[in-house]
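Listed here are the chains, written in short residue letters.
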Number of protein chains: 2
Amino acid sequence: MDRKINLTEQEIPRFYYNIVADMPNKPLPPLHPGTRQPITPDLLEPLFPRELILQEVSSEQYIQIPDEVRKIYAQWRPTPMFRAVNLEKALNTPARIYYKYEGVSPAGSHKPNTAVAQAFYNKAEGIKKITTETGAGQWGTALSYACQMFGMECEVFMVKVSYDQKPYRKILMNTFGGKVHASPSNLTAAGRSILEADPFSSGSLGIAISEAIERAASDPTAHYALGSVLNHVLLHQTIIGQEAMVQMEKAGYMPDIVIAPFGGGSNFAGIAFPFLKLNLTDNQKIRCIAVEPESCPKLTRGEFRYDFGDTMGLTPLLPMYTLGHDFMPSPIHAGGLRYHGAGVIVSQLLKDNLIEAVSVNQQRCFEAGMQFIRTEGIIPAPEATHAIAAVIDEANRCREEGTARTILFNLCGHGYFDMAAYEMFLSGKLNGEKQVSDSSIKDSIKALDQFQPIMNQ
Amino acid sequence: MDRKINLTEQEIPRFYYNIVADMPNKPLPPLHPGTRQPITPDLLEPLFPRELILQEVSSEQYIQIPDEVRKIYAQWRPTPMFRAVNLEKALNTPARIYYKYEGVSPAGSHKPNTAVAQAFYNKAEGIKKITTETGAGQWGTALSYACQMFGMECEVFMVKVSYDQKPYRKILMNTFGGKVHASPSNLTAAGRSILEADPFSSGSLGIAISEAIERAASDPTAHYALGSVLNHVLLHQTIIGQEAMVQMEKAGYMPDIVIAPFGGGSNFAGIAFPFLKLNLTDNQKIRCIAVEPESCPKLTRGEFRYDFGDTMGLTPLLPMYTLGHDFMPSPIHAGGLRYHGAGVIVSQLLKDNLIEAVSVNQQRCFEAGMQFIRTEGIIPAPEATHAIAAVIDEANRCREEGTARTILFNLCGHGYFDMAAYEMFLSGKLNGEKQVSDSSIKDSIKALDQFQPIMNQ
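Residues numbered from 1 in each chain as written. Chains lettered and ligands numbered in written order. Predicted model: local features only at pLDDT ≥ 70, side-chain atom pairs only at ≥ 80, totals over all residues. Heavy atoms only, no water.

> How should I be thinking about the overall build of chain A in this particular structure?
Within chain A one finds 17 helices and 15 strands. For 457 residues, the compact-globule estimate of 2.2 N^0.38 gives 23 Å, and chain A sits close to it at 21 Å. The principal-axis extents of the C-alpha atoms in chain A amount to approximately 60 × 50 × 50 Å. Of the contacts formed within chain A by residues at least 6 apart in sequence, a portion of 77% connects residues at least 24 apart. Accessible surface, chain A as shown: approximately 16,200 Å² in total, 51% of it carbon and sulfur. Seen as two clouds, the 42 positive and the 48 negative side-chain charges of chain A have centres 3 Å apart. (Helix = DSSP H or I, 4+ residues; strand = E, 2+ residues; numbered from the N terminus. Rg over C-alpha atoms; globule rule 2.2 N^0.38 Å. Contact = heavy atoms within 4.5 Å. Areas by Shrake-Rupley, 256 points an atom, 1.4 Å probe, with all protein chains shown as cover. Lys, Arg positive; Asp, Glu negative; His and termini not counted. Charge placed at Lys NZ, Arg CZ, Asp CG, Glu CD.)

Given below as structure tokens:
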């Protein structure tokens, strides 16, 4: 039996899988924050191409992947699947552990799966530039690469504190042709107003989003792009799970458990939704587990409410599990998981008990990551260590129960740009993760009362 | 036709290919620096396991790869081969360009191919610890990983200036369990004597080698390991070319030209020797081109002389193309190519006109690297950009001549730990490469006169 399961270029999926078609309860509609009535798609047109807006509201089961997009996917897809033979041995578990490795992409994560699709649809409508925000830099890197592939400009507003702390991420975006600005910047009214009040502001994702949106809205040849949360972003990521299913079939085992890190939902949706389809349409019972940081526990301790997608309150109101858009998570190293809410589709699935969620603390994540490095030889991104920690827990349970379950997880990216975090762990200086009190969560969710629709209260 | 050509685990080579068996003129023997007589293998026993010493002097055509080693190779091997479709299009060339990508290994380069083999043979003889030196850190990373896989200690003496400048490389070694010391250190007599004379010494590869050797020689359970130059190191790397040959067969084209970066020889030997075999035993005419930096031009401007393998003069005298062991190359970013000489086997092949060599300047290498990033989506290590520059030259020639040649090159590693170098290039601040004058080469080679054997003069 091969340790690595490869597919051919012909096996790159031809369709994105839209789980909305198979959900027993469809997601509730986004609301206009003023009227608190469902928004109409045309409101999104200044920022997104028509095709992506249609995908955002689609209930078609499958949406065809354009040939041009598949051709670019072929630069790194299908991604390999590995059986974690050495980790299994180290854990002395009867479990079979498989991982899908998305770190082989040009940006080193799963993010280009949607970045390439989004760049394509924008290009097809004559757009010349895409703006976006980025925190740690994974998304900005993916979009820079995707725009380069289609000969478009990419402008990235990078939170200033990350811009200063992660110069190599910024250079990586530059090598792919991305223009990177520290946010707040002087390029937008939003940035200037922040800088006027505090010339030394270290920025926030909320400010960076405002800058990127303002920049796109004020330029008729520019659009804006998001790297997670939205339905069309989750949709594009489902190629991960579709490939994984073919690979598991080749391995001769179907997973009993599918595990992925959880930030806004695209990582988890990407690998889990095609397997979840088997539960929804074929009576299977595959457990799909989303793993979030203990310090940002929207799935395990948040509430299902209408909330803004961003921290500034610019987006429509979305029905989701949330900690409140004012919630400020600890500065943990898994920057991609520090988001206050869960995407609309995933939230509905959790509400309907169709998926599970667990949380893990940072120390445990890095311990799991280190065990993975020393057995499997791959440096996982801090985000990915969350999945690994949960996998190890499940594998240990298999040993205790004497049951040989098959576990699949999404190794969503490599950690070559996160060595400083590993050094902190190795030198015993990992810190910064605060306990989240029930009362703080209650307070920030209570503040949402004013935004709920009458019908939903 | 697939852009990516994968092989299965069963296709990992079962033998290392030893080109010595097929060479028309065998390499001259290494000499004892005192007697200037050929050395006997037993002199190497305090530092290397018997099996590796036998490989060093073997003339068997094939040497079997142990099962345990193949099992570890399977963590990342066979490595993928890609057709550079987008680069071809950007160059508007009729050439077919293929690359073998060794950057998918745990250490991010081709180095683990030999590190794993060396760790295995040491472990088999009861050795508990391997010491080595490292400059930029690629080799130290590979050996740390390999030792971790066999449950052995790894102690790395890292040149102090690199230790300070490349903290992330050091942490990477730590994550694989390697113990890393800044060299000169207080752990050895060699280190202490340097520090006594200059407490702020920034170290050199020569000093680090002395420390690693002293440390191994003074501990009966420890051995020493080298990452290039020696025959057995080149031997282990031939799995690259063997895999590449099967992949080219699957692609339906055999290469007319094989290109690789050149430091000490293992990168070039790895991909080229199995193809060169076809020239030596089957009358084929595949051009094999080694690419060196203009600032360290041992193949294109050095002389074939007996010289020491290290800068301090500790090793046996080796017959090789050299710039003299005192030659001090510019501090270019491709640290792995800053070696004064060429391995014995490669030197003999060049002397017999069986391979070719070209040199490229650093500016041109980074331009080529950037073109590669923006077409193929992979960040190459600075070493690898040398091959890319030569590939682009050959592809342009194909366009001018209207000839559709097939070009294969070794993309030996990724550049995720070299972003600072790319930033310098992008900001127009790349510098540090000095012109090498004929007289400086002549002087440092002249100094070798005292070390030549009577018979060879």
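So much for the structure itself; the text now carries on.
> How should the relation of the copies chain A and chain B be read in this particular structure?
What relates the pair of chain copies is a rotation about an axis plus a shift along that axis. Mapping chain A onto chain B calls for a screw motion: a turn of 180° about the axis and a shift of 0.0 Å along it, with 0.0 Å RMSD after fitting. Classification of the inter-copy transformation places it as that of a two-fold axis. Most of the interface of chain A is mirrored in chain B: 100% of its interface residues are interface residues there too. (Least-squares fit on C-alpha atoms with pLDDT ≥ 70 in both.)

> Help me understand the sheet that holds strand E6 (residues 129–134) of chain B, please; the structure alone is not making it clear to me.
Through backbone hydrogen bonds, the strands of a sheet pair up, either in parallel or in antiparallel fashion. Residue and element names in this part refer to chain B. The parallel open sheet is built from four strands, whose spatial order is E8-E7-E6-E9. This sheet does not close on itself; its edge strands, each paired only once, are strand E8 (179–183) and strand E9 (222–224). In this sheet, adjacent strand axes meet at a mean angle of 25° when their direction is disregarded. Pairing of E6 with E9, which is carried by three bridges, proceeds in the parallel orientation. When the sheet's bridge partners are listed, Lys 129 is paired in E9 with Ala 222. Its contacts with the sheet put helix H5 (residues 138–149) on E6 and strand E7 (153–159), and the angle it makes with E6 is roughly 165°. (Pairing = 2+ DSSP bridges. Axes fitted to C-alpha atoms, helices over the stretch in contact; angles between N-to-C directions.)

> Sorry if this is basic, but what is going on with the sheet that holds strand E5 (residues 96–101) of chain A here?
All names here are of chain A. Across the sheet, which stays open at both edges, the seven strands sit in the order E1-E4-E5-E15-E10-E11-E14 with mixed pairing between neighbours. The strands lining the two open edges of the sheet, one partner per strand, are strand E1 (4–5) and strand E14 (356–360). In the sheet, strand E4 (residues 81–83) pairs with E5 via three bridges, with the strands oriented antiparallel. The residue of E5 that forms the bridge with Phe 82 is Tyr 99. Along the sheet, helix H14 (residues 362–376) makes contact with E4, E5, E14 and strand E15 (406–411), crossing E14 at roughly 95°.

> Explain the packing of helix H10 (residues 231–251) of chain B against helix H11 (residues 266–282) of chain B to me, please; I cannot follow it from the model alone.
The relative placement of two packed helices comes down to the angle between their axes together with the axis-to-axis distance. Residue and element names in this part refer to chain B. Where H10 meets H11, the closest approach of the two axes is 6 Å, and the angle between their N-to-C directions is 55°. In this view, H10 runs oblique relative to H11, as classed from their interaxial angle. Remark: the crossing between H10 and H11 carries right-handed chirality. Contact residues: Val 233, Leu 234, Gln 237, Thr 238, Ile 240, Gly 241, Gln 242, Ala 244, Met 245 and Met 248 in H10; Ser 266, Ala 269, Gly 270, Ile 271, Phe 273, Pro 274, Phe 275 and Leu 278 in H11. When its residues are assigned to classes, the contact of H10 with H11 shows 12 nonpolar, six polar and no charged. (Parallel < 35°, antiparallel > 145°, perpendicular 65-115°, else oblique. Left-handed = near helix turned anticlockwise from the far one by under 90°. Nonpolar A, V, L, I, M, F, W, Y, C, P; charged D, E, K, R; others polar.)

> Just to check I follow, could you spell out the environment of A:Ser218 for this structure?
Residues and elements named next belong to chain A. As for its position among the elements, Ser 218 is in the loop between helix H9 (205–217) and strand E9 (222–224). You can call Ser 218 exposed: its relative accessible area is 58%. Remark: the alpha-carbon pair of Ser 218 and Phe 82, spanning 136 residues in sequence, is separated by 46 Å. (Buried < 20%, exposed > 50% of the residue type's maximum accessible area, 1.4 Å probe, protein only.)

> Is there a simple way to think about the pattern of salt bridges in this case?
In a structure, side chains of opposite charge can pair up when their charged atoms sit close to one another. Applying the stated criterion across every chain, the model contains 45 salt bridges over all chains. The shortest N-O distance in the salt bridge between A:Glu423 and B:Lys170 comes to 3.7 Å. Linking A:Glu423 in helix H16 (residues 419–426) with B:Lys170 in helix H7 (residues 167–175), this pair reaches from one chain into another. Of the residues examined, B:Lys170 reaches a relative accessible area of 14% and is grouped as buried. Salt-bridge contacts for A:Lys446 lead to A:Asp449; the nearest nitrogen and oxygen are separated by 3.0 Å. You can call A:Lys446 exposed: its relative accessible area is 56%. Each of A:Arg77, A:Lys100, A:Glu102 and A:Glu243 takes part in one network of salt bridges that share partners. (Salt bridge = Lys/Arg side-chain N within 4 Å of Asp/Glu carboxyl O.)

> Would you explain the pairing of strand E10 (residues 257–261) of chain B in this entry?
Note on strand geometry: in a regular strand, side chains alternate between the two faces of the sheet. All names here are of chain B. The buried fraction of E10 amounts to five of the five residues, a majority that puts the element mostly inside the structure. Side chains Ile 257, Ile 259 and Pro 261 project from E10 onto one buried face, and the interleaved Val 258 and Ala 260 project onto a second face that is buried too. With five bridges connecting them, E10 and strand E11 (residues 287–293) associate as parallel partners. The residue of E11 that forms the bridge with Pro 261 is Val 291. Note that the unit made of E10, H11 and E11 has a crossover that is right-handed. Sheet topology note: the E10/strand E15 (residues 406–411) ladder contains three bridges and is parallel. Residue Val 258 lies in a different strand from E15, and its bridge partner there is Leu 408. (Right-handed = clockwise from strand over helix to strand, strands pointing away.)

> Would you explain the packing of aromatic side chains in this entry?
Each aromatic ring pair is specified by the distance between its two centres and by the angle formed by the two planes. Residue and element names in this part refer to chain B. The final tally for this structure, using the stated rule, is 38 aromatic pairs over all chains. Seen from their ring centres, Phe 304 and Tyr 321 are 5.5 Å apart, and the 65° between their planes marks the pair as edge-to-face. Placement of the pair is Phe 304 in strand E12 (residues 303–308) and Tyr 321 in strand E13 (residues 317–322), with a sequence separation of 17 residues. Like Phe 304, the residue Tyr 321 is buried in the burial classification. Lying over the aromatic face of Phe 304, Lys 351 brings its terminal NZ or CZ to 4.8 Å of the ring centre. (Phe/Tyr/Trp six-rings, centres within 6.5 Å; stacked < 30°, edge-to-face > 60°. Lys NZ or Arg CZ within 6 Å of the ring centre and 35° of its normal.)

> I would appreciate a short explanation of the nonpolar core in the present structure.
One recurring pattern in soluble globular proteins: nonpolar side chains tend to sit buried together. Core analysis: the largest hydrophobic core is formed by 100 residues, its most contacted members being A:Tyr16, A:Tyr73, A:Val116, B:Tyr16, B:Tyr73 and B:Val116. Contacts of B:Val116, omitting those with residues within four sequence positions, involve B:Val69, B:Ile72, B:Tyr73, B:Trp76, B:Tyr145, B:Ala146 and B:Phe150. (Core = buried A, V, L, I, M, F, W, Y, C linked by side-chain atoms within 4.5 Å.)

> Help me understand the interface of chain A and chain B in this model?
It is common to give the size of an interface as the accessible area that goes away when the parts come together. Counting from both sides, the interface comprises 45 residues of chain A and, opposite them, 45 residues of chain B. Taken over both partners, the interface formed by chain A and chain B buries close to 3,600 Å², and the fraction arising from carbon and sulfur atoms is 54%. Of all residues in chain A, A:Gln75, A:Arg374 and A:Tyr416 give up the largest surface area on contact with chain B, accounting jointly for 18% of the area buried on that side. On the surface where chain A and chain B come into contact, there are 16 residue pairs in polar contact (both at pLDDT 80 or more). Of all the secondary structure elements, the ones that give two or more residues to the side of chain A that touches chain B are helix H5 (138–149), helix H7 (167–175), H14 and H16 of chain A. In terms of residue count, the dominant contributor to the side of chain A that touches chain B is H7(A) (six residues). By residue class, the composition of the side of chain A that touches chain B is 22 nonpolar, 14 polar and nine charged. (Buried area = accessible area lost by both parts, 1.4 Å probe. Polar contact = N/O pair within 3.5 Å; in protein donor to acceptor, adjacent residues only side chain to side chain.)

> Where do I start with H10(B) in this structure?
Residues that lie three or four places apart on an α-helix share one face, since the helix turns once every 3.6 residues. All names here are of chain B. The end-to-end C-alpha distance of H10 is 31 Å, a good match for the 30 Å that 21 residues give at a rise of 1.5 Å each. Remark: the principal bend of H10, roughly 30°, maps to Gln 237. A large share of H10 lies buried, amounting to 18 of its 21 residues. In the stretch just after H10, Gly 252 is the one whose phi turns positive, near 90°. (Expected span 1.5 Å × (residues − 1). Bend = angle between axes of the 7 residues up to and from the residue.)

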